[in-house]
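Residues per chain, in single letters:
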Amino acid sequence: MTATRTPGMPVVEDGVLISTSPATGAEAGRVPVADAAAVAAAVERARTAFVWWAGLGFDGRRTRLLRWRALLAERVEELAALTHTETGKPVADAVVEASAAIEHTDWAARNAKRVLGPRRVKSRLLLAEHAGHLEYQPYGVIGVIGPWNYPILTPLGPISGALAAGNAVVLKPSEYTPAVGQWLVDTFAEVVPEQPVLQAVHGLGDVGAALCRSGIGKLAFTGSTATAKKVMAACAETLTPVLIEAGGKDALIVDADADVNAAAEAAVWGAMTNAGQTCIGIERAYAVAPVYDAFVAAVVAKAGRLKVGEEIGPMTMPGQLDVVRRHIEDALASGGRAVLGGAGAVQPPHVAPTVLVDVPEESAAIREETFGPTLTITKVADADEAVAKANALPYGLGGAVFGKANAIRIARRLRTGMVAVNSTLSFVGMANLPFGGIGDSGFGRIHGEDGLREFGIPKAITVRRAPSLLPAMTFERTPAQVQRIVKALKLLYGRRP
């Protein structure tokens, strides 16, 4: 490695993207960089592959996806080791990430036919002579732009759903984690060697832009809110529909009747796992006054035991160190206090666990996505104040509530796409629940039935079974028939509830 190369920073040399470990600088992999022509060629190959893949039907695709799932499970240690090298995250965390991805792949394969397959829809009385049918037809080619923080789980959500629905997929992995993305593509090719149903194109932002403009049927993007807006603008040029999972600033609410120790354990996991580089990570906590002191003490005790370099890996993206440093410094300068970590927490390439209290709500540490192992804890009078503060930001991805009597009611009031009650982050692992946000956190869903439907176009078909008793859609209707329609409307719908 040359002396000028920063560990973890992607480097392009002679048309090759070189990926290195952010912790050690060791090379993780090399992949060819695609230009616009290469992206277009990959999409064209995918169109041909799609015809074959869709022709297999739900059962044929199910068999092949389950073979891939089995291969992923058999080689999970290999995948986890590569992810550890490329992202710096602990191997154990990579195993957990892979396990969730395997679960989602299994669920999508097993449930696509039930959710998306042709089915009869009950007719209404005014159209009783027609039978209704509904099915979801694939788009053709789905583009997926994946992130670097969870390079297995996050792209495999849309990939597994899109493949199960009958689409071919072109993946653009993050330039920080191309080796993991290519590994996924290569292992799929081992079990589906006939056609390039899943391909990868590598490079920097221009490659993602080329994919947006390549004529794909739909694009699934995961990344920052700022980049999401650029992706949408590029896709808008061709009216390509998009599924967006953008940034988050998730909050945890601790109510008066919460199990404080359990809440603290979950808060530390939610805030510090993957060194805080988690879109659904807990970055803010609001604890009601009666339990605030005990909660802060428990969080500090548990987070203080975490070992930097072991449980807490490095920042995968070196530039994120500056963001975390700025947020900590701004919080302290505006009157906040560090009860763990603080001003000296940023020691490249790591950030030590940091817990901040008394931080003003207008500070960057409260309002902007930090993406580091930091947590602000704010005392509130009651759950109403906690909900108001949690909902005050434009983000709306996930969140968590700890409590007993009112926890679910509080969860329903949070302006987010997902909430965990008496746990954190758990919704991402439940394969039959949809995953996604609102507001600046994006729109659309992956995972679950809603996630499968994102990758199929609903097709409605009506079939006449008998002559019309109340003919309406014909110029040959008679005045008497129109009067019968009027009478039927009044009889069926004229009574006010």
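Data block above holds the structure.
Please read all numbers here as calculations on a predicted model, not as lab measurements. (Residues numbered from 1 in each chain as written. Predicted model: local features only at pLDDT ≥ 70, side-chain atom pairs only at ≥ 80, totals over all residues. Heavy atoms only, no water.)

*Asks:* Talk me through the overall build of the protein; I want residue IDs and the actual numbers.
*Replies:* Helix and strand content of the protein: 16 helices and 23 strands. Principal-axis analysis of the C-alpha atoms gives the protein an extent of 85 × 60 × 40 Å. Taking all 497 residues of the protein together, the buried fraction comes to 55%. Considering only contacts in the protein between residues 6 or more positions apart, those separated by 24 or more positions represent 71%. For the protein, the accessible area works out to roughly 20900 Å², and carbon and sulfur atoms hold 57% of it. The average position of the 50 basic charges and that of the 48 acidic charges among the side chains of the protein differ by 13 Å. (Helix = DSSP H or I, 4+ residues; strand = E, 2+ residues; numbered from the N terminus. Buried < 20%, exposed > 50% of the residue type's maximum accessible area, 1.4 Å probe, protein only. Contact = heavy atoms within 4.5 Å. Areas by Shrake-Rupley, 256 points an atom, 1.4 Å probe, with all protein chains shown as cover. Lys, Arg positive; Asp, Glu negative; His and termini not counted. Charge placed at Lys NZ, Arg CZ, Asp CG, Glu CD.)

*Asks:* Please provide a residue-by-residue account of the layout of surface pockets, values included.
*Replies:* There is about 910 Å³ of room inside the largest pocket. What lines the largest pocket is a set of 40 residues, among which W148, F221, G223, S224 and T227 lie closest to the centre. When contributions to the lining of the largest pocket are tallied by element, the ones reaching two or more residues are helix 7 (205–212), strand 9 (218–222), helix 8 (225–236) and helix 11 (320–333). Considering every element that reaches the lining of the largest pocket, the biggest residue donor is helix 8, with 6 residues. Counted by class, the lining of the largest pocket contains 18 nonpolar, 14 polar and 8 charged residues. Considering only enclosed or pocket space, the second largest pocket measures out at about 340 Å³ in volume. If you go around the second largest pocket, you meet 21 residues; those closest to its centre are Y150, L153, I280, L425 and V428. For the lining of the second largest pocket, the secondary-structure elements that each account for two or more residues are helix 4 (91–116) and helix 5 (153–164). Broken down by element, the residue count for the lining of the second largest pocket peaks at 4 residues, all from helix 4. Considered class by class, the residues forming the lining of the second largest pocket number 11 nonpolar, 6 polar and 4 charged. (1 Å grid on protein atoms, 1.4 Å probe; cavity = no way out; pocket = protein on both sides within 12 Å on 5 of 7 lines; lining within 4 Å. Points joined across faces, edges and corners; volume = space filled by probe spheres on them. Nonpolar A, V, L, I, M, F, W, Y, C, P; charged D, E, K, R; others polar.)

*Asks:* Tell me what's going on with the environment of G181, and back it up with residues and numbers.
*Replies:* Inspection of the secondary structure assignment puts G181 in helix 6 (residues 178–191). Among the residues examined, G181 registers a relative accessible area of 3% and is labelled buried. Residues G181 and V76 lie 105 residues apart in sequence; the distance between their C-alpha atoms is 14 Å. Dropping the residues within four chain positions of it, G181 is found in contact with L171 and P173.

*Asks:* Could you give an account of the sheet that holds strand 10 (residues 242–245), with specific residues and numbers?
*Replies:* Spatially, 8-7-6-9-10-22 is the arrangement adopted by the 6 strands of the open sheet, whose pairing is mixed. Looking at which strands have only one partner, the edges of the open sheet turn out to be strand 8 (198–200) and strand 22 (442–443). Bridge count for strand 9 against strand 10 is 4 bridges, and the pairing is parallel. Within strand 10, the residue paired with F221 across the bridge is I244. Strands in contact with helix 5 are strand 6 (141–145), strand 7 (168–172), strand 8, strand 9 and strand 10; relative to strand 7, the strand with the most contacts, it is inclined by about 165°. (Pairing = 2+ DSSP bridges. Axes fitted to C-alpha atoms, helices over the stretch in contact; angles between N-to-C directions.)

*Asks:* An account of the packing of helix 3 (residues 76–87) against helix 6 is needed here, citing residue identities and associated values.
*Replies:* Between two packed helices, the angle of one axis relative to the other and the distance separating the axes together describe the packing. The interhelical angle for the contact between helix 3 and helix 6, taken along N-to-C directions, is 160°, at an axis separation of 9 Å. When the interaxial angle is binned, helix 3 and helix 6 end up roughly antiparallel. Judged by residue contacts, E78, L79, L82, T83 and E86 of helix 3 engage P178, A179, V180, W183 and L184 from helix 6. Per-class residue counts for the contact of helix 3 with helix 6 are 7 nonpolar, 1 polar and 2 charged. (Parallel < 35°, antiparallel > 145°, perpendicular 65-115°, else oblique.)

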